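Here is what each chain is made of, one letter per residue.
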Amino acid sequence: MNRRQAITKACLLLRRQGKEESLAKFLLMYMLDESPQLFSNSLSEQLSKEEEDKYFSLIEKHIKEDVPLSHLAGFEYFYDRKFKVTKDVLSPRMETEELIYKVIEYVKMSNKNNLKILDLCTGSGIIAITIRKELENLSLEVVASDISEAALKVAKENAILNDGDVKFIQSDIFKNINDKFDIIVSNPPYIAYDDKVTMEDNVLNYDPHLALFAEEGGMYFYREIVENAKQYLKEDGVIFFEIGYDQREKMLKLAKSNEFIAEVYKDLNGRDRMAFLKRI
Ligand SMILES: C[S@@+](CC[C@H](N)C(=O)[O-])C[C@H]1O[C@@H](n2cnc3c(N)ncnc32)[C@H](O)[C@@H]1O
């Protein structure tokens, strides 16, 4: 069976079970660990028996157990780089690329040298590592922290995998942070526990709950960070957050009551998704 035939067969199996068919192509590409271009040019190549068996057993795992692509493959592409994903870290989400884009745009516009950037709640390290790599020609210091030692282990591996110079610190939010930064960026847990009932099983079963849920209707981390930020921000330091689509008003209020002005930006799907805070 060649690659194209395998994908067609997998699409059929997925369709019958009401599953997203596009997974068939990506899963094979991820499993063979090939770039999109190389993969697209090699669709007529034969799969070995082992490759074919492995591919269809992964397709079956997805159908039966709803295991997401990143967990089937053990990695995910984010901002065109490959990041290891395990049960200890949140699988990278497309929306987070947009947050990083905003940070990069801000750094480029600010025209400042030797910026210090802190990525709080780093998980797999995607934010810190991507910023460091995308701004490789600038002299930046990027620090990333997480409460989870297991997540930090994955983040450190991802830094090595991508040759990203990031300093990692284990910390409960700011507890072990002893510096002042130009930029704090964070995609913290922000889902209210009450929303658990509406969430899809593949998120609840495969993303760590430590990465998803937050007290205070999802606002706990934002409040802790904003209330204490001045101690960890330079005079003209700023904050970038990823936020939930329904957290705009709460974020504006939180910022105002802590002497910050906030702007909220929409993602490509038109949903409120990013907040930018600067001091009044
Ligand atoms: C939504 S995930 C974000 C991961 C990554 N930044 C991303 O964008 O994919 C939130 C992360 O916050 C971490 N976390 C949970 N509680 C924390 C705490 N009290 N202090 C620091 N990090 C925490 C979790 O371990 C998880 O890695």
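Above this text sits the structure in question.
Note that the structure is a prediction, hence the values are computed from the model and not measured.

Judged from the five bridges that link them, strand β9 (residues 233-242) and strand β11 (residues 272-279) form a sheet pairing that is antiparallel. Across the sheet, the residue bridging to Phe241 is Ala275, located in β11. One ladder, built from seven bridges, connects strand β10 (residues 260-266) with β11; its direction is antiparallel. Across the sheet, Ile261 pairs through a bridge with Lys278, a residue of β11. What sits between β10 and β11 in their antiparallel hairpin is a turn of five residues, with Gly270 showing a positive phi close to 80°.

Close to the ligand lie 21 residues, the nearest being Cys121, Gly123, Ile147, Asn187 and Ala211. Split into classes, the residues belonging to the shell around the ligand amount to 13 nonpolar, six polar and two charged.

All buried positions along helix α12 (residues 248-257) are accounted for by Met251, Leu254 and Ala255. On an axial view of α12, the arc spanned by its buried residues comes to 100°, and they lie on one face. Of the exposed residues in α12, those oriented more than 90 degrees away from the buried face are Glu249, Lys253, Lys256 and Ser257. The elements touched by buried residues of α12 are α11 (220-228), β10 and β11. Among the residues trailing α12, Glu259 stands out with phi positive, at a value near 60°.

Cut-offs applied
Residues numbered from 1 in each chain as written. Predicted model: local features only at pLDDT ≥ 70, side-chain atom pairs only at ≥ 80, totals over all residues. Pairing = 2+ DSSP bridges. Helix = DSSP H or I, 4+ residues; strand = E, 2+ residues; numbered from the N terminus. Near = placed C-beta within 6 Å. Nonpolar A, V, L, I, M, F, W, Y, C, P; charged D, E, K, R; others polar. Buried ≥ 20, exposed ≤ 12 C-beta atoms within 10 Å, placed from the backbone. Arc of directions from axis to C-beta. Contact = placed C-beta atoms within 7 Å.

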